[in-house]
Amino acid sequence: MLERVRRRACDFDLLHFHLDYYPFSLFFRQPTPFVTTLHGRLDLPEHQSVFATFSSVPLISISDDQRRPVPNAGWVRTIHHGLPERLLMPQSVRPGYFAFLGRISPEKGVDRAIWIAQRCGVPLKIAAKIDAVDRDYFQAEIRKRLTPPDIEYIGEISDGEKSTFLSGAIALLAPIAWPEPFGLALIEAMACGTPIIAFNRGAIPEIVEDGVTGFVVKDEREAIAAAKRLSQLCRVTIRRRFEERFTARRMAREYVVVYRSLIEFELMRTRQAV
């Protein structure tokens, strides 16, 4: 696929990749400007040599925290993710449970979400997919903790189901156990006006405004204490902060700024070389 794009690179003003570091070597050697958005964690051993070798390749981070393991890479801007403004909307339903949305995996902390919900005496609904790599974890660690209707696994849900699911939640629980680079479930909850209780890991403090759109906590005990303060938060304000910070239109505008600057830089470099 990358080779086919390279053969047509001159047909484009700019190339934008979402393929981790795989395009670096091939596209570093051709004149069409390109940029790569990195979506994963960058604290693995191989990242140090890769980003040292290709230190001038333009990169977009999806959070400032994502950059921390490789601060000297070719970062040009952080652009937070966005959603279409009306993809998810607050619904007129009475919140009655905690929600967990995403993947069932050790790093997502669904076991901690169950513990928090049980200690708070609030039902938990888990809307999550189970990847093949995590199926053994689900069978060994999570299935035995499911006790419907108090702790209920409803499976993976579509975008069309998320507005009702999240609007019906007292809060979204995100007790993550890894340096999450972003976390789309967080802004999906905000789009529905739903507060968030999230562990202070990775990009969480960049997304969740503590005391405004949710609470950023250290551990399970702080999460339980935060649950008692959820009534202090305004769901209308949470939705408004989503509209101000996390729409697809805002994201697209920021990318266009980057595209223009890279194209202009390449034109200037080409003129100077003539």
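Counting of residues starts from 1 at the beginning of each chain's written sequence and follows it residue by residue. Where totals are concerned, whole chains, interfaces and linings use all residues; where local detail is concerned, this predicted model gives features only for residues with pLDDT of at least 70, and gives and counts side-chain atom pairs only at 80 or more. Heavy atoms from the whole structure form the basis of all side-chain values; hydrogens and water molecules are not counted.

We now examine the sheet that holds strand β4 (residues 75–78). Strands in a sheet are paired, the pairing made by backbone hydrogen bonds, and the direction either parallel or antiparallel. The four strands lie next to each other as β1-β2-β3-β4, forming an open sheet whose pairing is parallel. Strand pairing shows two members of the sheet lacking a second neighbour, β1 (15–17) and β4, which therefore form its edges. Across the sheet, the axes of successive neighbouring strands diverge by a mean angle of 25 degrees, strand direction being ignored. Two strands pair when backbone bridges link them, and β1 and strand β2 (residues 34–38) are joined in this way by three bridges, in the parallel orientation. Opposite H16, over in β2, you have V35 as the bridge partner. Running at roughly 160 degrees to β4, helix α11 (residues 248–273) makes contact with β1, β2, β3 (59–61) and β4 of the sheet. By the convention used here, strands pair only if DSSP detects at least 2 bridges between them. Each helix corresponds to a stretch of at least 4 residues labelled H or I by DSSP, and each strand to a stretch of at least 2 residues labelled E; elements are numbered beginning at the N terminus. Every axis in this analysis is a line fitted to C-alpha atoms, fitted for helices over the stretch in contact. Angles between the N-to-C directions lie between 0 and 180 degrees. Whether two residues touch is decided by their heavy atoms; if any such pair falls within 4.5 Å, the residues are in contact.

Side chains of a nonpolar character, in soluble globular proteins, are inclined to be buried together. Grouped together as the largest cluster of nonpolar side chains are 33 residues, with contacts concentrated most on L101, F165, L172, L186, M190, I196 and I207. Going through the elements one at a time, β5 (97–103), α6 (159–167), β8 (169–174), α7 (184–191), β9 (196–199), α8 (204–207) and α10 (235–245) are the ones with two or more residues in this core. When sequence neighbours within four positions are dropped, the list of residues in contact with F165 reads Y97, A99, F100, L101, K125, A127, I154 and I157. Throughout this description, the term nonpolar core refers to a set of buried Ala, Val, Leu, Ile, Met, Phe, Trp, Tyr and Cys residues connected via side-chain atoms within 4.5 Å. Partly exposed residues are those whose accessible area sits between 20% and 50% of the maximum for their type, while under 20% is buried and over 50% is exposed, using a 1.4 Å probe and protein chains only. A113, I116, F138 and I142 belong to the second-largest nonpolar core, a separate cluster that totals 30 residues.

Each regular strand displays side chains that alternate between the two surfaces of the sheet. Extensive coverage of β5 is indicated by the burial of five of its seven residues. For β5 and β8, the ladder comprises three bridges, and the chain directions are parallel. From the neighbouring strand, A99 faces β8, where its bridge partner is L172. Note: β5 against strand β6 (residues 124–129), six bridges, orientation parallel. Paired with L101 across the bridge in β6 is A127. Whether a crossover is right-handed comes down to one check: with the strands pointing away from the viewer, does the path from the first strand over the helix to the second run clockwise; if it does, it is right-handed. For the segment spanning β5, helix α4 (residues 110–120) and β6, crossover handedness is right-handed.

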